[in-house]
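Structural overview
Chain by chain, the residues run as shown.
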Amino acid sequence: AQSVTQPDIHITVSEGASLELRCNYSYGATPYLFWYVQSPGQGLQLLLKYFSGDTLVQGIKGFEAEFKRSQSSFNLRKPSVHWSDAAEYFCAVVVPPGAAGNKLTFGGGTRVLVKP
Amino acid sequence: DTAVSQTPKYLVTQMGNDKSIKCEQNLGHDTMYWYKQDSKKFLKIMFSYNNKELIINETVPNRFSPKSPDKAHLNLHINSLELGDSAVYFCASSQDVTGEGRRTQYFGPGTRLLVL
């Protein structure tokens, strides 16, 4: 079945440590890929997106993501986590690329907790 | 200078009531969306309008009726509210004239609906 999967429901990381959030997709063609962050009680903010080209994408707040076609993955990383990074992170896709409607399909989300 | 705004922020109501949620964007975008986030944080698109025309209509009960009086507004009216309608409803907008799916969607802060 076509889907977006975030295998980790919760991740706890110490402040200053590195963070990696996993995202896998299951579609025939490579979709457009996005990472959004939702801080507690807030809306969603785009961190970064990938359409084509360089597979390492830089985003806001020091985040980056790497697209790996062979693994159907688009994992999000940050070298050093700050307490303010505690939030819910969503991977999302637009499939098929170029279709009218721009329908975002979301993964289940990963909640990141940051320990002092 | 809020980009995408929603009213109300919180909505507590009784089963069987009819309620509306309003959304406005001042970004000059031509496409607007409604998403529902359930208690498990799962996000799913409900509707999308492009230039006041409905272009995405997911499997949503007929009790939900979107209305777009102009490009800057997309309201959501819900009839005969049920317990299962309790969720956070997010409005979003994007500039997606070509429908190519690359445009960033900007989200509002959400409306937290609780049906008692």
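Thresholds, definitions, all that
- Residues numbered from 1 in each chain as written.
- Chains lettered and ligands numbered in written order.
- Predicted model: local features only at pLDDT ≥ 70, side-chain atom pairs only at ≥ 80, totals over all residues.
- Heavy atoms only, no water.
- Helix = DSSP H or I, 4+ residues; strand = E, 2+ residues; numbered from the N terminus.
- Rg over C-alpha atoms; globule rule 2.2 N^0.38 Å.
- Buried < 20%, exposed > 50% of the residue type's maximum accessible area, 1.4 Å probe, protein only.
- Areas by Shrake-Rupley, 256 points an atom, 1.4 Å probe, with all protein chains shown as cover.
- Lys, Arg positive; Asp, Glu negative; His and termini not counted.
- Charge placed at Lys NZ, Arg CZ, Asp CG, Glu CD.
- Contact = heavy atoms within 4.5 Å.
- Disulfide = S-S within 2.5 Å.
- Pairing = 2+ DSSP bridges.
- Phe/Tyr/Trp six-rings, centres within 6.5 Å; stacked < 30°, edge-to-face > 60°.
- Buried area = accessible area lost by both parts, 1.4 Å probe.
- Salt bridge = Lys/Arg side-chain N within 4 Å of Asp/Glu carboxyl O.
- Polar contact = N/O pair within 3.5 Å; in protein donor to acceptor, adjacent residues only side chain to side chain.

Here we look at the overall build of chain A
Of regular secondary structure, chain A possesses zero helices and 12 strands. Going residue by residue from the N terminus, the α and β elements of chain A occur as β-β-β-β-β-β-β-β-β-β-β-β. Against the compact-globule benchmark of 13 Å for 116 residues, chain A has a radius of gyration of 14 Å, which places it among compact chains. For chain A, the C-alpha atoms occupy an extent of roughly 45 × 30 × 25 Å along the three principal directions. Every one of the 116 residues in chain A was classed for burial, and the buried ones make up 47%. For chain A, the accessible area works out to roughly 5300 Å², and carbon and sulfur atoms hold 50% of it. Once the 10 positive and 8 negative side-chain charges of chain A are each reduced to a mean point, those two points are 5 Å apart.

With respect to the side chain of Ser73(A)
All names here are of chain A. Examined against the element boundaries, serine 73 turns out to sit in strand S9 (residues 73-78). Classification of serine 73 as buried rests on a relative accessible area of 3%. In contact with serine 73, other than residues within four places in its own chain, are Cys23, Asn24, Tyr25, Glu66, Phe67 and Lys68.

Notes on the environment of Gly16(B)
By the element assignment, Gly16(B) lies in the loop between strand S2 (10-13) and strand S3 (19-25). Between the C-alpha atom of Gly16(B) and that of Leu116(B), which follows or precedes it by 100 residues, the distance is 9.6 Å.

Re the state of the cysteines
All names here are of chain B. This structure, assessed with the given rule, holds two disulfides over all chains. In this model cysteine 23 forms its disulfide with cysteine 91; the gap between the sulfur atoms is 1.8 Å. What sets the handedness of the cysteine 23 and cysteine 91 disulfide is the S-S torsion sign, and at about -75 degrees it is left-handed. Residue cysteine 23 is found in strand S3, and its partner cysteine 91 is found in strand S9 (residues 87-94); the two are separated by 68 residues along the sequence. With respect to burial, cysteine 23 and cysteine 91 carry one shared label: buried.

Section: the pairing of strand S11 (residues 111-115) of chain B
Residues and elements named next belong to chain B. For S11, the buried fraction is high: four of the five residues fall into the buried class. Strand direction decides the pairing type here: S2 and S11, joined by four bridges, are parallel. What sits directly across from tyrosine 10, in S11, is arginine 112. Pairing between S9 and S11: three bridges, direction antiparallel. In the strand pairing of S11, alanine 87 is matched with leucine 113.

So, the packing of aromatic side chains
All names here are of chain A. Within this structure, the stated rule accounts for 16 aromatic pairs over all chains. When the ring of tyrosine 36 is compared with that of phenylalanine 106, the centres are 6.0 Å apart and the planes differ by 55 degrees; the resulting orientation is tilted. Note that tyrosine 36 is positioned in strand S5 (residues 32-38) and phenylalanine 106 in strand S11 (residues 104-106), a separation of 70 residues in sequence. Here tyrosine 36 matches phenylalanine 106 in class, with each residue buried. Between the aromatic rings of tyrosine 50 and phenylalanine 67, the centroid separation amounts to 4.7 Å while the plane-to-plane angle is 25 degrees, which identifies the pairing as stacked. A residue pair is termed long-range when its members are at least 10 positions apart, and tyrosine 50 in strand S6 (residues 44-50) and phenylalanine 67 in strand S8 (residues 64-68) qualify at 17 residues. An identical accessibility class is assigned to tyrosine 50 and phenylalanine 67; each is buried.

Considering the interface of chain B and chain A
Tallying the contact residues gives 25 residues for chain B and 26 residues for chain A. Approximately 2000 Å² of surface area, both sides summed, lies buried where chain B meets chain A, with 52% of it carried by carbon and sulfur atoms. Counting the contacts that link chain B with chain A gives one salt bridge. The shortest N-O distance in the salt bridge between Glu58(B) and Lys103(A) comes to 3.4 Å. If you look at where chain B meets chain A, you find five residue pairs in polar contact (both at pLDDT 80 or more).

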